[in-house]
Amino acid sequence: MAATNARAARTKPATPELLVLDVLESRRVSPHMVRVTLGGRDAATFVPLGFDQWFRLFIPVSENSLARVPAKLTTLSYVRFLTVSKTDRPVLRNYTVRAHRPDGPRGPEIDVDFVVHDATDGGDAGPATTWAQECRPGATVAILDEGHLYAAPADTDHHLVVVDESGLPAAAGILGSLPADARGTVLIEVPSAEDRQDLTGPEGVRVEYVVRTDPHAVPGRAVLAVASALEVDGAAPYVFVAGEQGLVTDLRRHLVQRGVPKERITFTGYWRAGKSR
């Protein structure tokens, strides 16, 4: 992740441990989104926390490369991990839980959505996106749970969530975790109308999709314009912004200038335009 203020406030898993999972299915759910379903092996050990729960994903590059993954990712173990030759070092990326089913037809299942970017949208397909499109059932990966970043204070009377397509899974998880009486607005930018997903949340939370009309525009610019024009409702709002780095830094700056206290804004840059994912 890039710019963020969420580290200190995040909810961490009680007992983080490396879990080895199998690919159960990979399918295209929209023009710019591939969903990989993971399960088997250690899936029953995974503890769902809801909201924008995220994890480290380790994709093997050789037959025994997952053996190179540390059981816990500390500063020291990460430095050691980086010393492993690229021919044996698994690809490491961060992803969000799109959905968790404790009693799926094949046992516990975790859905992970991968954004498939066009060559015109400011970035190239990275190794994780390529893997998601090419993986087959039976492929093995490892994940390390990192908890969630969403940290609305108890007195929050309006939830504002603003994301680009890379933050759509986080928005879905947040909507499904909010209390039934929550009020707020969720703004999600997507590359095309066909990339919209049906999301379920409290009746008092409005979900609006912002479709990017310019295929050459940097993701996040369209939803930034919509969010910047909003009047932030409530006497005690809480804002969660995630996605391309420019979106999160620019919107946070705008909201602070509008009087939203910094401590009531969680912002996290998932990626930066021009870099592969």
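Model, not experiment: these values are computed from the prediction.

1. Quick word on the overall build of the chain
- Helix and strand content of the chain: five helices and 12 strands.
- In summary, the chain has a C-alpha radius of gyration of 18 Å against a globular reference of 19 Å for 277 residues, a match within 12%.
- When the backbone C-alpha atoms are referred to their principal axes, the chain occupies close to 55 × 40 × 40 Å.
- Sorting the 277 residues of the chain into buried and exposed places 51% on the buried side.
- Taking as baseline every contact in the chain between residues at least 6 positions apart, the subset at least 24 positions apart corresponds to 73%.
- Accessible area for the chain stands at about 12500 Å²; split by element, carbon and sulfur atoms hold 50% of it.

2. Considerations on the sheet that holds strand E8 (residues 158-163)
- Taken together, five strands build an open sheet; the order of strands is E10-E9-E8-E11-E12 and the sheet is parallel. Where the open sheet ends on each side, the last strands, each with one partner, are strand E10 (205-211) and strand E12 (265-271). Averaged over all neighbouring strand pairs, the angle between strand axes comes to 10 degrees, with direction disregarded.
- As paired elements, strand E11 (residues 237-244) and E12 share six bridges and run parallel to each other. By the bridge assignment for E12, Gly243 is matched with Gly269.
- Against the sheet, helix H5 (residues 245-257) contacts E8, E11 and E12, and its axis sits at roughly 155 degrees relative to E11.

3. Digging into the side chain of His32
- Its place among the elements puts His32 in the loop between strand E1 (18-30) and strand E2 (33-39).
- Exposure remark for His32: the relative accessible area of 12% places this residue in the buried category.
- Reaching out from His32, the side chain makes a polar contact with the side chain of Asp195 at a distance of 2.7 Å.

4. Looking at the packing of aromatic side chains
- Throughout the structure, instances matching the rule amount to six aromatic pairs.
- Seen from their ring centres, Phe51 and Tyr150 are 5.4 Å apart, and the 10 degrees between their planes marks the pair as stacked. Taken as a pair, Phe51 in the loop between E2 and strand E3 (54-59) and Tyr150 in the loop between strand E7 (140-145) and E8 lie far apart in primary sequence, 99 residues in all.
- Here Phe51 falls in the partly exposed class, since its relative accessible area comes to 21%.
- Linked through ring pairs, Phe51, Tyr150, Tyr238 and Phe240 together constitute an aromatic cluster.

5. Comments concerning the packing of helix H4 (residues 221-228) against H5
- Closest axis-to-axis distance for the H4/H5 pair is 10 Å, and the angle between their directions is 15 degrees. Accordingly, the angle class assigned to the pair H4 and H5 is roughly parallel. When you trace H4 past H5, the crossing you get is right-handed. Contacts between H4 and H5 pair Arg221, Val223, Leu224, Ala227 and Ser228 from the former with Gly246, Leu247, Asp250, Leu251 and His254 from the latter.

6. Some remarks on the pairing of E12
- Here E12 lies mainly inside the structure; seven of its seven residues are buried.
- Each parallel crossover has a hand, and the one from E11 via H5 to E12 is right-handed.

7. A short note on the environment of Ala142
- Relative to the helices and strands, Ala142 resides in strand E7.
- A relative accessible area of 1% means that Ala142 is categorised as buried.
- Sequence separation of Ala142 and Phe58 is 84 residues, and the distance between their C-alpha atoms is 5.1 Å.

8. With respect to the pairing of E11
- In terms of burial, E11 is largely enclosed, as eight of its eight residues are buried.
- As defined by bridge partners, E8 adjoins E11 across six bridges and the pair is classed as parallel. Bridge pairing links Leu160 to Val239 in E11.

9. Side note on the pattern of salt bridges
- Summed over all chains, the structure comprises 17 salt bridges.
- Linking Arg106 and Glu25 is a salt bridge whose minimum nitrogen-to-oxygen distance equals 3.9 Å. Here Glu25 lies in strand E1 and Arg106 lies in the loop between strand E5 (99-104) and strand E6 (107-115), a separation of 81 residues in the sequence.
- In this structure Arg106 comes out as partly exposed when scored by relative accessible area, which is 41%.
- Put simply, Glu231 and Arg258 hold a salt bridge, and the shortest N to O gap is 3.4 Å. Residue Glu231 is located in the loop between H4 and E11, and its partner Arg258 is located in the loop between H5 and E12; the two are separated by 27 residues in the primary sequence.
- Classification of Glu231 as exposed rests on a relative accessible area of 61%.
- Salt bridges linked by common partners bring Glu25, Arg27, Arg101, Arg106, Glu109 and Asp111 together as one network.

Procedures and definitions
- Residues numbered from 1 in each chain as written.
- Predicted model: local features only at pLDDT ≥ 70, side-chain atom pairs only at ≥ 80, totals over all residues.
- Heavy atoms only, no water.
- Helix = DSSP H or I, 4+ residues; strand = E, 2+ residues; numbered from the N terminus.
- Rg over C-alpha atoms; globule rule 2.2 N^0.38 Å.
- Buried < 20%, exposed > 50% of the residue type's maximum accessible area, 1.4 Å probe, protein only.
- Contact = heavy atoms within 4.5 Å.
- Areas by Shrake-Rupley, 256 points an atom, 1.4 Å probe, with all protein chains shown as cover.
- Pairing = 2+ DSSP bridges.
- Axes fitted to C-alpha atoms, helices over the stretch in contact; angles between N-to-C directions.
- Polar contact = N/O pair within 3.5 Å; in protein donor to acceptor, adjacent residues only side chain to side chain.
- Phe/Tyr/Trp six-rings, centres within 6.5 Å; stacked < 30°, edge-to-face > 60°.
- Parallel < 35°, antiparallel > 145°, perpendicular 65-115°, else oblique.
- Left-handed = near helix turned anticlockwise from the far one by under 90°.
- Right-handed = clockwise from strand over helix to strand, strands pointing away.
- Salt bridge = Lys/Arg side-chain N within 4 Å of Asp/Glu carboxyl O.

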